Amino acid sequence: PRKVILDMDPGVDDALGLCVALASNELEVVAVTATGGNVLPALATRNVQAIIENLDPQRWPRIGAATAEQPLRTDGRDLHGSDGLGGAEFQVAELANRHASIKVISDEIRQAPGEVTVVCSGPLSNLAAVLQREPDIAQAIGQVIVVGGAVACGGNITPAAEFNIYCDAESARDVLRSRITKTLLPLDVTRQLSMRFDLLDLVKQGDGRTARLLDRILPGYYRAYRHRMGMEGIFVHDAVGVVMAMHPELFTTEPMSGDVETAGDLTYGATVFDRRSKPDSQPNMEVVTEMDVAAVRDCLLRGVKG
Ligand code: BDR
Ligand code: CA
């Protein structure tokens, strides 16, 4: 299996991604590192712990704690609930002496140079901090999958910006400008899949741990999508990122030259791509342009049955 670190800000779609990753034979989740974003850092850490405790997988990944001093512009509680997990209100013991996410990421990458894929489904603060402290680590990271940004569809948190990038655009810029091998999975693509009520039905019928956990988390998220977005279904951006780590063959990518706006009043946090026929600079990342929507949906449905 492919070694992955999931760097996340749970968040309902992050939680769904974590469930699918832990159930998959394609992935070995070596660590789950928390970052603030949808909720404040301390709550994101507790949410990671709550999900893993409830799933109780055969092999527990290391858990990294989000740093309290993260500069965050906004949060995602309108869609994800004030607890970040759809109002499920899990109780977990606060574990003292947890290593910081930044240390966990660094340790795991150094232990298996070139082998680890990092799936970032929250703001990019942790990875940017690791790169700043240890610039040489860029060559040791196998690949980074960034769930975030937008190519041509506009934003979701502002007219121009996607949530994960907007939360900490300076960090996102540092990561995208770095030499890491990276693939961006933008909103243009993750929005092609909306999970209708078949997902909810499936978790209601299931009696495994994953289904039971998701049955506590998902209903509130469906309700928020209906009330706030007028949708009869949900986007599951981050879980699509996990499927991409499992099945890259379901995704088409193109090399592109892209950067992040960190100054504009109206455009702070927007991802900007040079799509001219003769760009000024060499491509610095792969960007997903298409996916096999039906196959990704099936993979997610299979992943939540347990
Ligand atoms: C991203 O925003 C967050 O609220 C979701 O968890 C996802 O990572 C999508 O724009
Ligand atoms: Ca997220």
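Small disclaimer: the values here were computed from a predicted structure and weren't measured.

*Asks:* Help me understand the coordination of the calcium ion (ligand 2), please; the structure alone is not making it clear to me.
*Replies:* Coordination angles at a metal have ideal targets, namely 109.5 degrees for four tetrahedral donors and 90 or 180 degrees for six octahedral donors. Those protein atoms acting as donors to the calcium ion (ligand 2) are D9 (OD), D14 (OD), D14 (OD), S121 (O) and D238 (OD), and they sit at 2.2 to 2.5 Å. Within one chain, the residues serving as donors to the calcium ion (ligand 2) are arranged as D-x4-D-x106-S-x116-D. You can see D14 sitting in helix α1 (residues 12-23) and its partner D238 sitting in helix α11 (residues 237-246), a full 224 residues away along the chain. Neither D14 nor D238 differs from the other in exposure class; each is buried.

*Asks:* Would you take a moment to explain the sheet that holds strand β2 (residues 27-34) for this structure?
*Replies:* Sheets are built from strands paired through backbone hydrogen bonds, the pairs being either parallel or antiparallel. Strand order in the open sheet formed by eight strands is β3-β2-β1-β4-β5-β6-β12-β9, and the pairing between neighbours is mixed. Two strands close off the open sheet at either side, each with one partner strand: β3 (62-64) and β9 (251-256). Geometrically, the sheet is characterised by an average inter-axis angle of 25 degrees between neighbouring strands, direction not taken into account. One ladder, built from five bridges, connects strand β1 (residues 2-8) with strand β4 (residues 116-120); its direction is parallel. Paired with I5 across the two strands is V118, which belongs to β4. Lying on the sheet, helix α2 (residues 41-55) is in contact with β1, β2 and β3; it crosses β2 at an angle near 150 degrees.

*Asks:* Even after reading the chapter, I still don't get the environment of G11, so can you show me in this structure?
*Replies:* Residue position: G11 is located in the loop between β1 and α1. Of the residues examined, G11 reaches a relative accessible area of 0% and is grouped as buried. Between the C-alpha atoms of G11 and D83, which are 72 residues apart in sequence, the distance is 8.6 Å. Not counting residues within four places of it along the chain, the set of residues in contact with G11 comprises N38, H80, G84 and L85.

*Asks:* Just checking my understanding: could you explain the site of ligand 1 for this structure?
*Replies:* Near ligand 1, the surroundings consist of D13, D14, N38, H80, S121, N156, E162, F163, N164, H237 and D238. Taking N38, its side chain carries an N or O atom lying 2.7 Å from an oxygen atom of ligand 1. Within the side chain of D238, one N or O atom sits 2.6 Å away from an oxygen atom of ligand 1. At the level of elements, α1, α6 (163-167) and α11 are the ones that each hand at least two residues to the shell around ligand 1. Looking at the shell around ligand 1 residue by residue, the class counts come to one nonpolar, six polar and four charged.

Cut-offs and rules
Residues numbered from 1 in each chain as written. Chains lettered and ligands numbered in written order. Predicted model: local features only at pLDDT ≥ 70, side-chain atom pairs only at ≥ 80, totals over all residues. Heavy atoms only, no water. Donors = N, O, S within 2.8 Å, 3.2 Å for Na, K, Ca; no water. Helix = DSSP H or I, 4+ residues; strand = E, 2+ residues; numbered from the N terminus. Buried < 20%, exposed > 50% of the residue type's maximum accessible area, 1.4 Å probe, protein only. Pairing = 2+ DSSP bridges. Axes fitted to C-alpha atoms, helices over the stretch in contact; angles between N-to-C directions. Contact = heavy atoms within 4.5 Å. Near = heavy atom within 4 Å. Polar contact = N/O pair within 3.5 Å; in protein donor to acceptor, adjacent residues only side chain to side chain. Nonpolar A, V, L, I, M, F, W, Y, C, P; charged D, E, K, R; others polar.

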